[in-house]
Amino acid sequence: MSNEKRDSWGSRSQFILASIGSAVGLGNAWRFPGLAAKHGGGAFLLVYLIAMLAIGIPFLMMEISIGRKMHRGVPGALRAINKPTEPIGWFAVSNAFVISVYYAVVFAWVIMMAFASYKFAGLTGDSESASGIWAAMIKTTGTTSGYGTISLPVLGCLVIAWVLIYTCIRNGPGTVGKVVKYTVFLPIICLLILAIKGMLMSGAMEGLTKFFVPDFSSLSSADIWIDAIGQVFYSLSIMMAIMVAYGSFLTEDSNVAKDAVIIAFSDFAISVLSGIVLFTTMSGTGQLENMTASGIGTAFIVYPQSIVLLTNNGVANAIFAFVFYFCLCTLAIDSAFSIIEGVSTAISDKFHLSHKKTTLVLCIVASILSIWFVTGAGLAWLDIVDNWCNAFSLIMVGILEAITIGWLFDPKKVLKEVNRNTEGFKMPSWWFVTSIKFLAPLALTGFFVWNIYALFKAGGIYGAESGYSLASNIIGGWLILAICFFSGFIVKIIEKIMAKKGYTPDEDVWEDTEE
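Note that this is a predicted model, so its numbers are computed, not measured.

A.B. asks: Can you help me understand the overall build of the chain in this one?
C.D. replies: Looking only at helices and strands, the chain has 22 helices and 0 strands in total. Relative to its length of 515 residues, the chain is compact, with a C-alpha radius of gyration of 22 Å against a globular reference of 24 Å. Each of the three principal axes of the chain carries a C-alpha extent, and together these read 65 × 50 × 45 Å. In the chain, which comprises 515 residues, the proportion classed as buried is 61%. Sequence separation of at least 24 residues holds for 83% of the intrachain contacts in the chain that already meet a minimum separation of 6.

Put into structure tokens, the structure is as follows:
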């Protein structure tokens, strides 16, 4: 393999922190607590934990280990495992790129709200005005029309977001390793401050009770299992080309089995801490029943209502607003740059390009495309594209990855790679193989079928009851999904054109590691 000069993590801790930073994102801070509120608090925590152990951790180990084994991004790694499956890797990469385009806009919204936190000082007790701060600043029409209007505050923050993303990953694991030492711990500190404040409020115990005490009647609903499995996959950054890329920078003596468990449980712990913050704060300000599974609604509409009710001191409320949104900034940045890192690694590996130049070009192209989402129609388009990328494309990638490793390859060979260098904990074969070969593909297929059913039931496929037109669903949904799905075949065409100019693709093959 032509990987002698490949960059690597400076230390084991850098890899673990970078992986935790990628896994811990905005979904931990707002989607996880929202789903817990929707599904009986502790009951959702229990189901999430089961899904994480049964499916999430084995899948995470699988992706990290194949990245380390082949020292390639996900398309190259899958090509080495089973050559015809390379397009699955490009499906993951292209979908991740689309996600990066609109995720940067959400990052920009968070930056904007941190800058605008001073506005909360003059709104003490005025929850109605507080709930409208974000919508007024992004100038959304709430529909897929209104392209002529651009929010300058969001545009300015979007530029800041992309500059930060590129700065963090311009030299690959070298700069990422330095950045995550701060960006992983800062949100934990912020969350702890907010949690202490929340638990000191009257009514906090009611919030904690709702969050931790299970409503076991919720376990009979299919929704709780579907949402928990989905949150596990979204939260751990698997199926997005990230963990394979991060694994490709590992040294041969790394302990994948142990590190993956640390990453998964750290991600879960921060999700729980975020839940404590939101449940105690919402309960203490009388907003507990307003929590929704919609992260954007909770973070930008409902939580501001709580902020202005925290104290009778406007300055204190503004400070807490800044701490909250600064916390979200630090959560968002790691996830944002890790997505681009996964895409950049795949492209630079495939075409033997400079990683730094590839990253720069990707950031420029993605930043230009993301302007679409800062127009008056941007919020609606973001809603459409986000739904399709996560509910359909991402799940399809997971199904295909699981089939590739579980049925077109030998999962025991991957398990051997997972358990290499382990001295204490070893991943049991019954756990890993059963998960990759049966549980993961079955759970993800069930999830996918459920989403298709929900799409038809809601009329989303036709635009009848989705709130958006048929044309917008075709463009933002079906068309983007099709482009991502066929991206691997587009890469094949580019490969053939480049071959005429002397390009030769790497032909790596998975070779069993000697004991």
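A.B. asks: What is the right way to read the environment of Phe211 from this model?
C.D. replies: Structurally, Phe211 is set in helix α11 (residues 204-212). Residue classification places Phe211 among the buried positions, given a relative accessible area of 0%. Here Phe211 is in contact with Phe32, Ala36, Gly41, Gly42, Leu45, Val272, Gly275, Ile276 and Phe279, once residues within four sequence places are set aside.

A.B. asks: Explain a nonpolar patch on the surface here, please?
C.D. replies: Together, Tyr182, Phe185, Leu186, Ile189, Ile193, Phe322 and Phe326 line one region of the surface with nonpolar side chains, adding up to about 650 Å² of accessible area. Of all the secondary structure elements, the ones that give two or more residues to the nonpolar patch are α10 (185-199) and α16 (314-351). Among the elements that make up the nonpolar patch, the one with the highest residue count is α10 (4 residues). Mapping Ile189 onto the fold places it in helix α10.

A.B. asks: Looking at this structure, I do not really get the nonpolar core. What am I missing?
C.D. replies: Soluble globular proteins tend to pack their nonpolar side chains together in the buried interior. Ranked by size, the top nonpolar core spans 188 residues in total, and within it Phe59, Trp109, Ile165, Leu328, Phe337 and Phe432 carry the most contacts. In terms of residue count, the dominant contributor to this core is helix α5 (residues 86-115) (23 residues). With near-sequence residues (within four places) excluded, Trp109 lies in contact with Trp134, Ile138, Val154, Ile296, Phe300, Leu379 and Leu382.

A.B. asks: I would appreciate a short explanation of the packing of aromatic side chains in the present structure.
C.D. replies: Aromatic ring pairs are described here by two measures, namely the spacing of the ring centres and the angle between the planes. As enumerated under the stated definition, the model contains 32 aromatic pairs in all. Note on Phe32 and Tyr48: the rings are 5.1 Å apart at their centroids and 85 degrees apart in plane angle, and the pair reads as edge-to-face. Note that Phe32 is positioned in helix α2 (residues 26-38) and Tyr48 in helix α3 (residues 42-70), a separation of 16 residues in sequence. Tyr48 matches Phe32 in its accessibility class, with the two residues each being buried. Between Phe392 and Phe448 the ring centres are 6.0 Å apart and the planes differ by 85 degrees, which places this aromatic pair in the edge-to-face class. Separated by 56 residues along the polypeptide, Phe392 in helix α18 (residues 378-406) and Phe448 in helix α20 (residues 429-458) bring together distant segments of the chain. Among the aromatic residues, ring-to-ring pairing joins Trp30, Trp109, Trp134, Phe300, Tyr303, Phe324 and Tyr325 into one connected group. Looking at Lys69, its charged tip hangs above the ring of Trp510, at a distance of 5.5 Å from the centre. A cation over an aromatic ring shows up here: Lys437 above the ring of Trp407, its NZ or CZ 4.6 Å from the ring centre.

A.B. asks: Whenever I open this one, the layout of surface pockets confuses me. Can you help?
C.D. replies: To find leftover empty space, one rolls a probe the size of a water molecule over the atoms. A volume near 770 Å³ is recorded for the second largest pocket. In terms of lining, the second largest pocket is formed by 29 residues, of which the most central are Ser94, Phe97, Val98, Leu369 and Ile483. If you list the elements that add at least two residues to the lining of the second largest pocket, you get α5, α16, α17 (355-370), α18, α21 (470-485) and α22 (487-499).

A.B. asks: Sorry, what's going on with empty space enclosed by the protein here?
C.D. replies: One pass over the structure, following the stated rule, counts 5 cavities of 30 Å³ or more. Each pocket or cavity is described by its volume, and for the largest cavity that value is around 130 Å³. Together, 14 residues line the largest cavity, and Arg72, Gly76, Arg79, Lys350 and Asp506 are the ones closest to its centre. If you list the elements that add at least two residues to the lining of the largest cavity, you get α4 (74-81) and α16.

A.B. asks: I'm lost on α18 in this one. Help?
C.D. replies: Residue pairs spaced three or four apart in an α-helix point in one direction, given the helix's 3.6 residues per turn. In this model α18 runs 40 Å from its N-terminal to its C-terminal C-alpha over 29 residues, within 8% of the 42 Å that 1.5 Å per residue would give. Remark: the principal bend of α18, roughly 35 degrees, maps to Cys389. The element α18 is largely enclosed, with a buried count of 24 among its 29 residues.

A.B. asks: Looking at this structure, I do not really get the pattern of salt bridges. What am I missing?
C.D. replies: Pairs can form between side chains of opposite charge whenever their charged atoms are close. What the rule picks out here adds up to 15 salt bridges. Note that Lys38 and Asp227 form a salt bridge whose closest N and O atoms lie 3.2 Å from each other. Pair noted here: Lys38 is in helix α2 and Asp227 is in helix α12 (residues 222-235), with a separation of 189 residues, a long-range link. Exposure remark for Asp227: the relative accessible area of 14% places this residue in the buried category. With a closest N to O distance of 2.8 Å, Glu252 and Arg420 form a salt bridge. Linking Glu252 in the loop between α13 (242-248) and α14 (256-284) with Arg420 in the loop between α19 (411-418) and α20, this pair joins segments that are 168 residues apart in sequence. On the basis of relative accessible area, Glu252 is assigned to the partly exposed category, the value being 37%. Salt bridges here are not isolated pairs; linked through shared partners, they connect Arg79, Lys83, Glu86, Lys350, Lys492, Glu495 and Glu507.

Criteria and cut-off values
- Every chain begins its residue count from 1, and numbering advances along the sequence as written.
- Under the rules for a predicted model, residues below a pLDDT of 70 receive no local features and side-chain atom pairs below 80 are neither given nor counted, while totals for whole chains, interfaces and linings still include all residues.
- Each side-chain value is derived from all of the structure's non-hydrogen atoms; neither hydrogens nor water enter the calculation.
- Each helix is a run of DSSP H or I of at least 4 residues and each strand a run of E of at least 2, with the numbering of both proceeding from the N terminus.
- Radius of gyration here is computed from C-alpha atoms only, and the compact-globule reference equals 2.2 Å multiplied by the residue count raised to the power 0.38.
- Relative accessibility under 20% of the residue-type maximum defines a buried residue, over 50% an exposed one, and the middle range a partly exposed one, all with a 1.4 Å probe and only protein chains included.
- Between two residues, a contact is recorded if the distance between any of their heavy atoms is within 4.5 Å.
- Patches in this entry comprise residues that are over 30% relatively accessible and not in a salt bridge; like charges within 9 Å are linked, as are nonpolar side chains (Val, Leu, Ile, Met, Phe, Trp, Tyr) within 5 Å.
- The method behind every accessible area is Shrake-Rupley, applied with a 1.4 Å probe, and residues are considered shielded solely by the protein chains displayed.
- Any Lys or Arg side-chain nitrogen found within 4 Å of a carboxyl oxygen on Asp or Glu counts as a salt bridge.
- Nonpolar cores are built from buried Ala, Val, Leu, Ile, Met, Phe, Trp, Tyr and Cys residues. Side-chain atoms within 4.5 Å join them into one set.
- By convention, a stacked pair of Phe, Tyr or Trp rings (six-membered ring in the case of Trp) has centres within 6.5 Å and planes under 30 degrees apart, an edge-to-face pair has planes over 60 apart, and any other such pair is tilted.
- Here, over-ring charges are defined by two tests on the NZ atom of lysine or the CZ atom of arginine: distance to the ring centre within 6 Å, and angle to the ring normal within 35 degrees.
- Site definitions follow a grid-based scheme: protein atoms alone, a 1 Å grid, a 1.4 Å probe that fits but cannot get out for cavities, and for pockets an open set with protein on both sides within 12 Å along at least five of seven lines, plus lining residues having an atom within 4 Å of a point.
- Grid points are joined across faces, edges and corners, and a volume is the space filled by probe spheres set on the points.
- The length a helix should cover is 1.5 Å for every residue beyond the first.
- Note that the bend at a residue is defined as the angle between axes fitted to the seven residues ending at it and the seven residues starting at it.

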